[in-house]
Amino acid sequence: LKILNDSPEKYLEIEGIGKKKLEEIKTRWQSLEDEKRTLLYFTEKGLSLRLASKLMSLYGSLVVDVIEENPYILCHEVDGIGFKRADEIARRIGFAEDSPKRVLESIVYILQNASKRGHIFLPIESLVSNCVNLLDSHKISMKMIDECIAELKEQNRIVMEEDTQHKYRVYFYNLWFTEEEIVHNILRILKKQDKLKIIENAVDFFKTNPSHDQMDAFYQTLSSGFLIITGGPGTGKTTLISAICSYYLNCGYEVLIAAPTGRAAKRITESTGFSAKTIHRMLEFAPFERKFKKNSKSPLNADIVIIDEASMIDYSLMFSLLDAISDDTRLVLIGDVDQLPSVGPGNVLRDLIDSGKVPVSKLTTIHRQEEGSLIVENAHRINCGDWKEVLKNLGNKEFQFIRKDDPKQAIDELRFSVLKDIKENEDFNHFDYQVISPMNRGPSGTLVLNCLLKMVYNRNRKNSSLKKGDYVYSSGDKVMQIVNNYDKGVFNGDMGSLIEVDEQKKEFILLFGDMEVTYSFSEIDQILPAYAITVHKSQGSEFKKVYLLLNNHHHVMLQRNLIYTAVTRAKKSIKIIGSDYAFKKAISTEFISSRFTSLKMKIIEKFK
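The sections below set out a description of the structure shown in this document.

Thresholds, definitions, all that
Residues numbered from 1 in each chain as written. Predicted model: local features only at pLDDT ≥ 70, side-chain atom pairs only at ≥ 80, totals over all residues. Heavy atoms only, no water. Helix = DSSP H or I, 4+ residues; strand = E, 2+ residues; numbered from the N terminus. Expected span 1.5 Å × (residues − 1). Buried < 20%, exposed > 50% of the residue type's maximum accessible area, 1.4 Å probe, protein only. Arc of directions from axis to C-beta. Contact = heavy atoms within 4.5 Å. Core = buried A, V, L, I, M, F, W, Y, C linked by side-chain atoms within 4.5 Å. Axes fitted to C-alpha atoms, helices over the stretch in contact; angles between N-to-C directions. Parallel < 35°, antiparallel > 145°, perpendicular 65-115°, else oblique. Left-handed = near helix turned anticlockwise from the far one by under 90°. Pairing = 2+ DSSP bridges. Phe/Tyr/Trp six-rings, centres within 6.5 Å; stacked < 30°, edge-to-face > 60°. Lys NZ or Arg CZ within 6 Å of the ring centre and 35° of its normal.

**Observations regarding helix H20 (residues 407-424)**
Turning to step 1, where the next piece is worked out: Across its 18 residues, H20 extends 26 Å between first and last C-alpha, which sits within 8% of the 26 Å expected from 1.5 Å per residue.
Turning to step 2, where the next piece is worked out: Burial in H20 covers these residues: Pro407, Ala410, Ile411, Glu413, Leu414, Ser417, Val418 and Asp421. The arc enclosing the buried residues of H20, seen along the axis, measures out at 160 degrees, which places them on a common side. Across from the buried face of H20, at angles greater than 90 degrees, the exposed residues are Lys408, Phe416 and Lys423.
Turning to step 3, where the next piece is worked out: Looking at the buried positions of H20, the neighbouring elements they touch are strand E12 (399-403), strand E13 (433-437), helix H21 (446-457), strand E22 (543-550) and strand E23 (570-578).

**Digging into the nonpolar core**
Turning to step 1, where the next piece is worked out: Judged by nonpolar contacts, the single largest core of 91 residues is most densely connected at Ile107, Ile307, Leu333 and Leu352.
Turning to step 2, where the next piece is worked out: Apart from the residues lying within four places of it in its own chain, the contact partners of Ile307 are Ala258, Ile279, Met282, Ile313, Leu321, Leu331, Val332, Leu333 and Ile334.
Turning to step 3, where the next piece is worked out: Within the second largest apolar cluster, 32 residues are counted, among which are Phe431, Ile533, Leu550 and Ala566.

**Re the packing of helix H9 (residues 124-135) against helix H10 (residues 142-154)**
Two measures define how a pair of helices packs: the angle their axes make with one another and the distance between the axes.
Turning to step 1, where the next piece is worked out: At a minimum axis distance of 11 Å, the contact between H9 and H10 shows a crossing angle of 120 degrees. The angle between H9 and H10 places the two elements in the oblique class. Our pair here, H9 against H10, has a crossing hand that is right-handed. Here H9 contributes Ile124, Leu127, Val128, Cys131 and Val132 to the contact with H10, which in turn contributes Met142, Ile145 and Ile149.

**Thoughts on the pairing of strand E4 (residues 226-231)**
Turning to step 1, where the next piece is worked out: Most of E4 is tucked away, with six of its six residues classed as buried.
Turning to step 2, where the next piece is worked out: What you see with E4 is no split at all: Phe226, Ile228 and Thr230 on one side and Leu227, Ile229 and Gly231 on the other are buried throughout.
Turning to step 3, where the next piece is worked out: Where E4 lies against strand E10 (residues 330-335), five bridges are found, and the strand directions are parallel. By the bridge assignment for E10, Ile228 is matched with Leu333.

**Concerning the packing of aromatic side chains**
Turning to step 1, where the next piece is worked out: Applying the stated rule across the entire model yields 24 aromatic pairs.
Turning to step 2, where the next piece is worked out: Seen from their ring centres, Tyr41 and Phe42 are 5.3 Å apart, and the 75 degrees between their planes marks the pair as edge-to-face. One exposure class covers both Tyr41 and Phe42, and it is buried.
Turning to step 3, where the next piece is worked out: Pairing Tyr173 with Trp176 gives two aromatic rings, centres 5.8 Å apart and planes at 40 degrees, and the pair type is tilted. Placement of both Tyr173 and Trp176 in helix H11 (residues 173-190) is noted, with a separation of three residues, approximately one turn of the helix.
Turning to step 4, where the next piece is worked out: For Tyr173, a relative accessible area of 35% puts it in the partly exposed group.
Turning to step 5, where the next piece is worked out: Of the aromatic side chains, those joined through ring pairs into one cluster are Phe205, Phe206, Phe218, Tyr219, Tyr247, Tyr248 and Tyr253.
Turning to step 6, where the next piece is worked out: Lying over the aromatic face of Tyr519, Lys488 brings its terminal NZ or CZ to 4.8 Å of the ring centre.

Written out as structure tokens, the structure is:
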């Protein structure tokens, strides 16, 4: 930039740039005087041009004023900038080491990071300890930290609650309010006690001969205003959904079925024959108002609402769902509590079950005996921590474990397996075959795998491309939306294909199902390549075949509910490739996500 500003003639030394081209560059440069000053300002503060451009698109002409007033806004609102980086910029602008703003923003950052890890609150001791470590300054006293916590409380940005041990919990106000409303609405719905008539021919509504636990769950929907049905793979959850829908529709009732993701909703529709939507679409999100049309003032018009894959529901979505359930509507949540908890804050399904106050029906009888039954059986063995029995019951194709201790050898095996499946299946569709890894980073993380798999699935594409990081997107790429975009009607977890990149318009077009959606280049951060995805991103989906990589580099993620969730994504076949140690450790390590939530406790207290 300095060369372009002070000595533009040096650009003539670059091959391909002549006097005419240089004049065009200089004219364009002069026309962007304000933008130039802003870019120079940010580069002097240590920001990259890409990040500076992103900030300019976010805050417009006021960007410098916004950053100078509070540079810590960067770690709250801009992906890729943490507190340390924002702190460096703040110091260059002139913020003192013992600035109250610095202390206050560190508290906000710590609570924000805690919510990203699934926590609803932090104990005061944990918050203060993290604050001291983050600020790392002898100039910061405990009094200053206490004063900043008090200021945030005064501003109604945080809430402090005292527990039975006279210790304090610190919440963001919005999460505290959301939790309070969830508890209030659960109690309201549970008060609905009108029971429907028990029918004698209930078995007729099942497509197959039902088990006792399926019948018990079916009858509980007639007697409970709020019911949770939980069970592992093959226990007949989908069959039960079909039977419940058949009965209620046969009696003339209004029925709504929904799931957290588009793929989960599509799977329910295909397997039951009854139309299902995403929860967002069922609640009718209004993009311009940035809120759901369905709420307490305009509730869902249904006699019963059935939600599948309920383990994926976080606090925000549960709040919106319960708010739209009227006193005359029954609510049935169906899910597998042993899977990974929601990506967003909270552990809603487990907290509801553990409270002991919400009716729960557990499905334990395994029904699935057709193709894929070995997956079901081994999934239950995994859930019991019995890796020895899993190793004794490896099938030829249904359930395979290929031992490869070296990550490079594991990746070579994966590439060979994918190429073999493509060659042997004329109707190969990469949306039916999914590579899953526990982590994004590392030698066999999704970042590495997507670059590799693009060369397998999409190697002959020579069309226009769009680069993000180390990955170059091109038409035909399999992608996943990673944030909710209500304006476009595309939601976190939706999978699609990139069908066109228009370099002139700086746009790219994605296909989600039968819906074409146009994105600007600046919106590239909303998607990720999806040839390989993490276990968390696979929740709610089902694939014909799954390839799961497990190696020692994944050690922090090697937990039972992770491998259990990954295995249960496979419908007909799964191939696990990795080290013997990683495989056994993942199955042996029982870890129930320890999240700071008070939902269970508050439900129990309200029932006293």
